[in-house]
Structures are given as C-alpha cells and as structure tokens.
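If you want the building blocks of each chain, they are given just below.
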Amino acid sequence: MRLSRYFLPILKENPREAEIVSHRLMLRAGMIRQQAAGSFSWLPLGKLVLDKICRIIREEQNRAGALEILMPTIQSADLWRESGRYDDYGDEMLRIKDRNKRDMLFGPTNEEMVTEIFRSYVRTYKDLPLNLYHIQWKFRDERRPRFGVMRSREFLMKDAYSFDLDFEGAKAAYNRMFVSYLRTFTRLGLKAIPMRADTGPIGGDLSHEFIILADTGESQVYCHRDFLELPVPGEDTDFTNDGEIGGIVKQWTTPYAATDEMHDEAAWDAIGEGERLSARGIEVGHIFHFGEKYSKPMGAKVTGPDGKDHFVSMGSYGIGPSRLIAAIIEASHDEAGIIWPESVAPFDIGLINMKVGDAECDRVSEELYAALTAAGKDVLYDDTDQRPGGKFATADLIGLPWQLIVGPRGVAAGEVEIKNRRTGERETLPIAEATKRFGIAG
Ligand code: ATP
Ligand code: MG
C-alpha cells in the first residue's frame with residue numbers, strides 16, 4: 001500500500017478526551033473515529049488490525065472444534081421472554097420497535113438465539129458435542145462507556161456456545177475452550193491469566209475470566225507469579241483428547257488467581273510474599289458453564305443413550321476483539337507510539353523513502369516495494385513528500401514491526417537501513433540483502 005493513496009488521518013496533538021494511552025494512540029494513529037458515546041468507526045488501519053485479531057481467534061476456535069455461524073444483531077424480544085431475560089436484563093439492553101410495533105432489541109449476547117437454533121434441529125445425543133460460535137457486533141448501553149474501544153457501547157464479540165448431553169460432556173467442552181483461549185491470547189502477543197470468576201446462582205467452579213495485567217485495567221486482580229512462566233499448549237495439542245486437554249486446564253488452574261470479587265485472603269496469605277502478584281487487570285475473555293439455564297426454559301433437549309429426554313448442558317465463551325486491540329496497545333507501546341506484535345500488525349514493514357523525487361531513492365524504494373509485495377509481505381510504502389522527521393514519527397506512531405529506510409546517502413553507497421520498532425535496533429545493510437532479511441530468497 002502506498003501511503004499517498006492510503007487514508008491515514010494522523011493527529012499531531014494528543015486528543016483531550018482520551019484518558020488512557022491505548023485510546024490516545026488509536027485516535028492519533030487514525031485507527032478509529034468516535035461517532036457517539038461509546039460508538040466508533042473503524043478506519044483502514046484499525047480495520048486491518050481488527051481483522052487480523054479475528055482471524056487468529058477464528059483459527060483457534062476452529063482448531064478446538066467449534067463451528068462458525070453468523071446470527072443477526074437485531075433480535076426478537078419474544079425469544080428473550082422465553083428465558084425470562086427480557087425483563088431481567090435492565091438498562092444495558094437497547095430496546096427497539098419495528099414498524100409493526102413489535103418489540104425488538106439489539107443483541108447484547110446470543111444465548112437465546114443460539115438455543116433456538118439448536119432446539120430446532122438437534123434431537124439426539126449422537127449429534128453432540130456441538131459448539132457454535134460467531135463474531136458479531138453487540139450493543140450494551142453501558143452506564144459509563146470510556147477508554148475508547150476498551151469499554152464501548154457497540155463492540156465486537158466472539159461468542160461461542162457449547163451443547164452437551166451431561167455435565168461431564170459440558171466440562172470437556174469448557175476445557176477445550178479454556179485451552180483454545182490460552183493459545184489465542186499467546187498468538188496475539190499477550191499474557192492472559194485465567195482467573196476464577198463468580199458463578200452466581202449456577203455454582204461450581206467453571207467460570208474463568210482471562211485477564212491481561214495492565215496499570216489501566218478496571219479490576220484489581222491477584223495471582224501467583226508462576227503464571228508468568230507456565231508453558232502454553234502448542235499447535236500439536238490434540239483437542240479430541242479429553243485427558244490431555246483436562247491436564248492442561250489442571251496445570252493452568254492450580255496456582256492461585258482470582259479477581260477482586262473472588263479473592264480469598266487466607267489462600268493469598270499462604271503464598272510467599274515474593275511469589276504474589278497483585279495488579280490491575282483487563283478482562284479480554286470470559287468462559288462460563290451454565291448448565292440448563294437456557295435449555296430448560298426454552299425446551300432444548302435431546303434423547304440420550306437411555307432413551308430418555310435430557311435438557312442439554314450448555315456453556316458460553318466470549319472474547320472481545322475490539323477491546324483486545326486496546327489491551328494489546330496498553331501492553332505494548334512506548335513514548336513514540338504503538339508497538340504491534342507481528343501477528344496482528346496492520347502491515348509487516350514500513351518502507352520509508354526519505355527523499356521522494358530523488359531518482360535513485362525512488363528507484364530503490366520502488367524495487368524493494370515490488371519485491372516485498374510480490375513475496376506476500378504487507379508493506380506500507382511512505383511515498384509522500386513529507387519531511388524525513390515526520391515520516392519517522394508516523395512510522396513509530398503506527399508501530400509496524402519493521403522500518404526499511406531508503407535515503408540518498410545510503411543509496412549512493414548501495415545501502416539501506418532496517419529498524420526494529422520494538423528494540424529500536426538499526427542496521428545498515430547492502431540493498432540486495434534487505435529482501436533476504438525478510439525471508440525472501442535473492
Ligand atoms: P465487563 O465486566 O468488562 O463489563 P462482561 O463480563 O460484561 O465484561 P462478557 O459478557 O463476558 O463481558 O463479554 C465477553 C467479552 O466481551 C469480554 O470479556 C470483553 O472482552 C468483551 N466486552 C464486554 N463488554 C464490552 C464493552 N463494553 N466494550 C468492549 N468489549 C466488551
Ligand atoms: Mg459488562
């Protein structure tokens with residue numbers, strides 16, 4: 001992509017309304033545009049990152065055996081009356097009427113709708129386990145939308161829903177999502193810690209929030225330092241092996257970890273002073289087993305091996321891709337701007353032509369741009385006539401992992417410069433070596 005043809009509305013000044021660094025940097029880097037309280041448009045750079053995050057989430061959901069669907073944003077109130085939640089949900093639900101004065105709502109979540117789909121088709125335990133997920137916009141009329149896309153009213157959510165014959169099956173389904181989340185957050189360059197969460201009237205211990213440690217987090221969290229070193233399950237993890245998956249969950253739920261509401265002072269005091277980690281945290285995912293909470297009132301049942309009807313045992317599993325972008329920036333930035341993990345960077349390389357109009361700089365830049373693009377690299381080529389200082393500031397602000405710098409003096413010597421955004425390390429190398437450095441055979 002040529003920057004001269006791109007839409008990257010960089011802000012020079014710090015926007016006053018932004019209280020935390022991720023919100024500030026997302027506005028400054030031209031990733032999002034606020035349209036109303038807690039409602040944002042995604043501009044090209046932001047949309048690229050959002051898509052990359054969704055792609056990783058999708059790959060890991062699929063790997064764990066979940067199946068992608070897509071349900072509407074606008075739902076019928078009648079469905080929510082069946083579960084009793086139409087009245088219970090409160091002011092966070094945006095209630096709407098259609099032209100026939102029928103009660104509708106903008107979905108804050110999808111348990112009712114997915115249960116309706118399930119009960120319409122599935123009759124026997126032989127079709128289980130089943131896990132259906134979608135990535136769809138949600139609306140919650142938050143009391144205090146703030147921090148940009150961290151807590152917005154309209155936000156993207158990946159929500160999965162599992163259906164099983166009994167508790168044993170539901171627990172195995174829960175474990176698969178648990179392990180899938182460990183892989184997902186690691187691939188996004190994040191260290192997310194699963195913490196015991198409140199199960200309310202459902203009871204049991206099958207509810208975990210996945211938390212990123214960050215000073216700007218909204219909740220106070222407590223955990224054992226061991227979490228920072230636990231091994232993350234690899235690509236070869238066998239999601240069909242309940243024993244293997246259960247073992248990983250055991251390992252990741254043994255050290256102490258709890259959010260404020262679940263904090264147990266006695267257990268905390270038993271941990272050595274140097275082993276404790278008490279910090280602020282951002283919730284990026286939440287998994288929850290709720291058994292028959294919806295299947296019973298909504299009549300979602302299957303015939304079991306015993307020939308009898310059983311209400312299915314369910315769980316739901318959420319991740320917020322839009323909040324994740326803010327969380328990633330909170331965890332990865334410096335004074336100059338964002339530092340994207342390679343897996344979610346909007347472009348792999350920022351190619352900077354320091355002197356557009358100089359025949360040699362133009363020629364070398366064009367050749368590098370063509371070669372890198374042909375090899376499948378996403379390159380943002382700064383071919384604008386801005387001054388070098390401005391170009392470097394933009395490149396640092398938008399945080400691409402690599403900068404490839406083409407300047408008149410270097411080119412005369414047959415050289416270009418590569419800068420690693422994370423470490424700040426710069427290296428001068430022969431022009432012909434530059435593409436090889438990005439894994440492209442000369
Ligand atoms: P919170 O306690 O932060 O309000 P929640 O418990 O209401 O979150 P869930 O209903 O479990 O969240 O939703 C699943 C995921 O959706 C969350 O883990 C989070 O990543 C994301 N999410 C929830 N609310 C918002 C919001 N207002 N803005 C952005 N993302 C959100
Ligand atoms: Mg909430």
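A quick note: this is a predicted structure, and the numbers were derived from the prediction, not measured. (Residues numbered from 1 in each chain as written. Chains lettered and ligands numbered in written order. Predicted model: local features only at pLDDT ≥ 70, side-chain atom pairs only at ≥ 80, totals over all residues. Heavy atoms only, no water.)

Q: In this structure, what is going on with the overall build of the protein? I would like to understand it.
A: Helix and strand counts for the protein stand at 14 helices and 23 strands. Computed over C-alpha atoms, the radius of gyration of the protein comes to 25 Å, within 12% of the 22 Å expected from 2.2 N^0.38 for 442 residues, which places it in the range of a compact globule. Its C-alpha atoms put the protein at 80 × 60 × 40 Å along the principal axes. Expressed as a percentage of the 442 residues in the protein, the buried residues total 51%. The contacts of the protein with a sequence gap of at least 6 include a subset with a gap of at least 24, amounting to 71%. Only carbon and sulfur atoms are counted for the fraction: they give 48% of the accessible area of the protein, which is about 20,100 Å². Averaging the coordinates of the 57 positive side-chain charges in the protein and doing the same for the 69 negative ones gives two points 4 Å apart. (Helix = DSSP H or I, 4+ residues; strand = E, 2+ residues; numbered from the N terminus. Rg over C-alpha atoms; globule rule 2.2 N^0.38 Å. Buried < 20%, exposed > 50% of the residue type's maximum accessible area, 1.4 Å probe, protein only. Contact = heavy atoms within 4.5 Å. Areas by Shrake-Rupley, 256 points an atom, 1.4 Å probe, with all protein chains shown as cover. Lys, Arg positive; Asp, Glu negative; His and termini not counted. Charge placed at Lys NZ, Arg CZ, Asp CG, Glu CD.)

Q: Help me understand the side chain of H289, please; the structure alone is not making it clear to me.
A: Assignment of secondary structure puts H289 in strand β13 (residues 276-291). Polar side-chain contacts of H289 include one of 3.5 Å to the backbone nitrogen of G291. From its side chain, H289 meets the backbone oxygen of M314 in a polar contact 3.4 Å long. Those residues in contact with H289, other than ones at most four positions away along the chain, are F167, A170, Y174, I202, L206, S313, M314 and G315. (Polar contact = N/O pair within 3.5 Å; in protein donor to acceptor, adjacent residues only side chain to side chain.)

Q: What is the right way to look at helix α1 (residues 21-28) in this model?
A: Because the α-helix completes a turn every 3.6 residues, residues three or four places apart line up on one side. Burial of α1 is extensive: 7 of the 8 residues sit out of reach of the surface. Every buried residue of α1 is listed here: V21, S22, H23, L25, M26, L27 and R28. Contacts made by the buried residues of α1 are with β1 (32-36), β2 (39-42), α10 (321-331), β17 (333-334), β18 (337-338) and α12 (388-398). Just downstream of α1, G30 is the residue with a positive phi angle, here 65°.

Q: Mind showing me how you'd approach the packing of helix α2 (residues 44-63) against helix α6 (residues 167-187) here?
A: Two packed helices can be described by the angle between their axes and the distance between those axes. The contact between α2 and α6 brings their axes to 9 Å, and the two run at 150°. Here α2 is positioned roughly antiparallel relative to α6, judged by the angle of their axes. When the axes of α2 and α6 are compared, the crossing they make is right-handed. Of the residues in α6, those in contact with I56, I57, E59, E60, Q61 and R63 of α2 are M177, S180, Y181, R183, T184 and R187. Residues that form the contact of α2 with α6 fall into these classes: 4 nonpolar, 3 polar and 5 charged. (Axes fitted to C-alpha atoms, helices over the stretch in contact; angles between N-to-C directions. Parallel < 35°, antiparallel > 145°, perpendicular 65-115°, else oblique. Left-handed = near helix turned anticlockwise from the far one by under 90°. Nonpolar A, V, L, I, M, F, W, Y, C, P; charged D, E, K, R; others polar.)

Q: Mind showing me how you'd approach the sheet that holds strand β20 (residues 379-382) here?
A: Within a sheet, adjacent strands bond to each other through the backbone by hydrogen bonds, running parallel or antiparallel. Read across the open sheet, the 5 strands follow the order β20-β19-β21-β22-β23; overall the sheet is mixed. With partners counted over all chains shown, the strands left at the sheet margins are β20 and β23 (426-430), one partner each. With strand direction ignored, the average angle separating the axes of adjacent strands in the sheet is 20°. Taken together, the 4 bridges between strand β19 (residues 349-353) and β20 define a ladder with parallel strand orientation. Looking at β20, one finds that I352 is bridged to D382. Of the strands in this sheet, β19, β20, β21 (402-406) and β22 (415-420) touch α12, which is tilted by about 175° from β19. (Pairing = 2+ DSSP bridges.)

Q: Can you walk me through the pattern of salt bridges in this structure?
A: Pairing is possible between side chains that carry opposite charge, provided their charged atoms lie close to one another. One pass over the structure, following the stated rule, counts 33 salt bridges. Here R363 makes a salt bridge to E360, at a shortest N to O gap of 2.8 Å. Note that R363 and E360 are positioned in helix α11 (residues 359-374) at a spacing of 3 residues, about one turn of the helix. Looking at R363, the relative accessible area reads 39%, which means it is partly exposed. Under the relative-accessibility criterion, E360 is labelled partly exposed at 36%. Here E417 and R426 are joined by a salt bridge, their closest N and O atoms 3.2 Å apart. (Salt bridge = Lys/Arg side-chain N within 4 Å of Asp/Glu carboxyl O.)

Q: Help me out: how do you make sense of the UniProt feature "domain: Aminoacyl-transfer RNA synthetases class-II family profile" (unreviewed entry) in the protein in this one?
A: The sites that carry the UniProt feature "domain: Aminoacyl-transfer RNA synthetases class-II family profile" (unreviewed entry) are, in the present numbering, residues 55-341. Helix and strand shares over residues 55-341 are 29% and 31% respectively, and the end C-alpha atoms of the span are 15 Å apart. (UniProt positions renumbered as here; feature names shortened; annotations may be inferred.)

Q: Even after reading the chapter, I still don't get the site of ligand 1, so can you show me in this structure?
A: Ligand 1 sits among 14 residues. The nearest are R140, E142, R151, S152 and E283. R151 is positioned such that a nitrogen or oxygen atom in its side chain is 2.7 Å from an oxygen atom of ligand 1. When isolated, ligand 1 has an accessible area of 580 Å², and the protein chains bury 81% of it. Where the shell around ligand 1 is concerned, the elements lending two or more residues are β8 (154-164) and β13. Looking at which element gives the most residues to the shell around ligand 1, the answer is β13, with 4 residues. (Near = heavy atom within 4 Å.)

Q: Please explain the packing of α1 against α10 as it appears in this structure.
A: It is the contact of α1 with α10, at a shortest axis distance of 8 Å, that shows an interaxial angle of 105°. Comparing their axes, α10 and α1 come out roughly perpendicular. Of the residues in α10, those in contact with V21, S22, L25 and M26 of α1 are I325, A326, I329 and E330. Class assignment for the residues of the contact of α1 with α10 results in 6 nonpolar, 1 polar and 1 charged.

Q: Would you mind going over the nonpolar core with me for this structure?
A: One broad trend across soluble globular proteins is that nonpolar side chains are buried collectively. One finds M31, F185, I325 and W340 to be the most contacted residues of the largest nonpolar core, which totals 79 residues. Mapping this core onto the domain boundaries places at least three of its residues in each of domain 1 (3-338) and domain 2 (349-437). Beyond its immediate chain neighbours, meaning those up to four positions away, F185 contacts L190, A192, F210, V284, G285, I319 and L324. In this structure, V114, Y161, M298 and M314 belong to the second largest nonpolar core, which totals 24 residues. (Core = buried A, V, L, I, M, F, W, Y, C linked by side-chain atoms within 4.5 Å. Domains from an automatic or database assignment.)

Q: Quick question: what am I supposed to make of the side chain of H23 here?
A: Within the secondary structure, H23 is located in helix α1. Ignoring any residue separated from it by four or fewer positions in sequence, one finds H23 in contact with E17, A18, I32, F40, F147 and G148.

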